[in-house]
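Residue-level listing of the chains:
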Amino acid sequence: MALLMLMKAGYDFPWHEGNEFGLLVDGNEIFDAMLACIDAAQAQILLEMYLVESGALMDRFISAWAEAVKRGVDVYLLFDDFGAHDLTVLDRQRIQQAGIGLVMYNPLRYGELRRNLLRDHRKLMVVDGATAFIGGMGLADAFDVTSNPATYWHDTAVQVRGPVVADWHTVFQDNWRYWMRQSLPEPGAKYARSDAVQGNGGFDQAGHLCGGRRFGAAVIQRSFLKRVRTAERHVWMMTAYFAPSRSLLRALKKAARRGVDVRLVCPGPISDHPAVRYAGHRYYYYLLRAGVRIFEYQPRFLHAKVLLCDDWTSLGSSNVDSWNLRWNLEANQEIENSRFAARIRELFATDIAASEECRLEAWLIRPRYRRLLEWFWSRMARWLDAVTIRLRRHNRK
């Protein structure tokens, strides 16, 4: 019950002017930037992650963290216990022996199904209180271009500088305080925020942390729905798992019918959960008929989570799917800036060029075996929805 009450106690962060946001695409850009920031850290590194696995990428990060500790940097890691089940005992020992703080979020407990479903799906890193990284990536070789040059997962992240970084620091610190039953130590005199972090460094982009500590990701969906309903030009959505709520489906269809350019980019035949893809196909007909354009990414597994409405962007951990809305701890970085939105449109254009568009005429004559798979997995999805709704209601008692 204590965990449930904690998950319900959400934040309401303000919009901040004077930030700088940089889009990072795929593991080579994301991890190189994160490791460079770790190597330059002077005081404190905070990292919260869902998917964490032992391998070549983890070896690079453990080495970088250990070197930072030797320089006198405080390093604190918060990993989801379920998402880190492939982090070996040896690597956990290496982390702890290096003097790195390690906490596992919501350790799995036998016989406690409802509690075990509550997971920390966020992916964020804050360095020296001055720079943050937020995205959909995991610390696993599946995302690493060097380890898997042909099959690495396609993902995105945003590098953040400016006053909004303080909110990301707060989110991590409060989560750490709950699980450790103590606050993070103060970094001391070596820790000093730059003028840019105070909003005086000439940065000109507005940003807002959406999410924080809430039960599910409803606040992220509400923010997206508000933007969809008022969009005038673009509503573009990129997600790894398309399992939308009814309210989101209605909003997307209404936007398309009033002449907004509505596009959906989803994984193609390469997916880590093919069943979710087939279950999501049950919505395609109604969306296509309303004028929504749907693209399925072909080269690799698309794991990115990016929302765009005119000049507003939301990027982070949430797929805005029905499971997120009930069980996951999520957080997205929202950005209101025409230049950043233009960069996101370039990302969509590149990914759409590598995708196959689903057209209504072809969709109506798709093979019978695909229809059967879609029917079966959509029935399973409805059953799972019904079960989890009952579990959620029971949790609230």
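As the structure is a computational prediction, the values presented were derived from the model and not from experiment.

Let us now look at the overall build of the protein chain. A count of helices and strands for the protein chain gives 14 helices and 17 strands. By residue count, 60% of the 397 residues in the protein chain fall in the buried class. Counting contacts in the protein chain only where the partners sit at least 6 residues apart, residues at least 24 apart contribute 82% of the total. Carbon and sulfur atoms make up 52% of the accessible area of the protein chain, which amounts to about 16600 Å² in all.

All right, on to the pairing of strand 13 (residues 306–309) then. Because side chains alternate across strand 13, one face comprises the buried residues Val306 and Leu308, and the other comprises Leu307 and Cys309, equally buried. Here four bridges tie strand 13 to strand 14 (residues 312–316), and the two strands are oriented antiparallel to one another. Across the sheet, valine 306 pairs through a bridge with leucine 315, a residue of strand 14. The loop that links strand 13 with its antiparallel partner strand 14 comprises two residues; one of these, aspartate 310, has a positive phi angle of about 55°.

What follows deals with the environment of tryptophan 153. Inspection of the secondary structure puts tryptophan 153 in the loop between strand 7 (131–135) and strand 8 (156–161). Here the alpha-carbon distance between tryptophan 153 and glycine 138, two residues 15 residues apart in the chain, equals 10.0 Å. Apart from residues no more than four positions distant in its own chain, tryptophan 153 is found in contact with Asp26, Leu51, Ala142, Phe143, Asp272, Phe301 and His303.

On the surface, a cluster of positive charge is contributed by Arg229, Arg246, Arg250, Lys254, Arg379 and Arg382. Counting residues per element, the ones that place at least two in the positive patch are helix 8 (246–257) and helix 14 (368–396). If you tally residues by element for the positive patch, the top one is helix 8, at three residues. With respect to the helices and strands, the residue arginine 379 is situated in helix 14.

Turning our eyes to something else, we now look at helix 3 (residues 56–70). Over its 15 residues, helix 3 extends 22 Å from the first C-alpha to the last, a length consistent with the 21 Å expected when each residue adds 1.5 Å. Among the residues making up helix 3, those that are buried are Leu57, Met58, Phe61, Ile62, Ala64, Trp65, Ala66 and Ala68. On its buried side, helix 3 packs onto helix 2 (26–40), strand 2 (44–49), strand 3 (74–80) and helix 4 (89–97).

This part takes up the environment of alanine 304. Secondary-structure assignment places alanine 304 in the loop between strand 12 (293–297) and strand 13. Residue class for alanine 304 comes out buried when judged on its relative accessible area of 0%. As a C-alpha pair, alanine 304 and tyrosine 241 span 63 residues in sequence and 9.6 Å in three-dimensional space. Excluding anything up to four places from it in sequence, alanine 304 contacts His154, Asp155, Thr156, Met238, Thr239 and Ala240.

Where helix 2 meets helix 3, the axes come as close as 9 Å, and the angle between the chain directions of the two elements is 15°. One way to sum up the angle between helix 2 and helix 3 is to call them roughly parallel. Considering only the axes of helix 2 and helix 3, their crossing is left-handed. Touching Phe31, Asp32, Met34, Leu35, Ile38 and Asp39 of helix 2 are Leu57, Arg60, Phe61, Ala64, Trp65 and Ala68, all from helix 3. Residue composition of the contact of helix 2 with helix 3, by class: nine nonpolar, no polar and three charged.

Below, the discussion takes up the packing of helix 3 against helix 4. In contact at an axis separation of 10 Å, helix 3 and helix 4 are set at 15° when each is read in the N-to-C sense. Judged on the interaxial angle alone, helix 4 and helix 3 are roughly parallel. The element helix 3 and its partner helix 4 pack so that their crossing is left-handed. Along its contact with helix 3, which presents Met58, Asp59, Ile62, Ser63 and Trp65, the element helix 4 presents Asp91, Arg94 and Ile95. Along the lines of polarity and charge, the residues of the contact of helix 3 with helix 4 split into four nonpolar, one polar and three charged.

So, on to unusual backbone geometry. The backbone of asparagine 106 sits at a positive phi, close to 45°, despite the residue not being glycine. Tracing the sequence through the fold places asparagine 106 in the loop between strand 4 (101–105) and helix 5 (113–116). The exposure class of asparagine 106 is buried, given its relative accessible area of 0%.

Bringing the pattern of salt bridges into the picture now. Side chains bearing opposite charge may pair, as long as their charged atoms lie close to each other. Inspection of the entire model under this criterion finds 18 salt bridges. Where aspartate 32 meets arginine 60, a salt bridge forms, and the shortest distance between an N and an O atom there is 3.4 Å. Here the residue aspartate 32 occupies a position in helix 2, and arginine 60 occupies one in helix 3, the gap between them amounting to 28 residues. In this structure, the salt-bridge partner of arginine 119 is aspartate 80, at a minimum N-O distance of 3.0 Å.

The rules behind these values
Residues numbered from 1 in each chain as written. Predicted model: local features only at pLDDT ≥ 70, side-chain atom pairs only at ≥ 80, totals over all residues. Heavy atoms only, no water. Helix = DSSP H or I, 4+ residues; strand = E, 2+ residues; numbered from the N terminus. Buried < 20%, exposed > 50% of the residue type's maximum accessible area, 1.4 Å probe, protein only. Contact = heavy atoms within 4.5 Å. Areas by Shrake-Rupley, 256 points an atom, 1.4 Å probe, with all protein chains shown as cover. Pairing = 2+ DSSP bridges. Patch = residues over 30% accessible without salt bridge, like charges linked within 9 Å, V, L, I, M, F, W, Y side chains within 5 Å. Salt bridge = Lys/Arg side-chain N within 4 Å of Asp/Glu carboxyl O. Lys, Arg positive; Asp, Glu negative; His and termini not counted. Charge placed at Lys NZ, Arg CZ, Asp CG, Glu CD. Expected span 1.5 Å × (residues − 1). Axes fitted to C-alpha atoms, helices over the stretch in contact; angles between N-to-C directions. Parallel < 35°, antiparallel > 145°, perpendicular 65-115°, else oblique. Left-handed = near helix turned anticlockwise from the far one by under 90°. Nonpolar A, V, L, I, M, F, W, Y, C, P; charged D, E, K, R; others polar.

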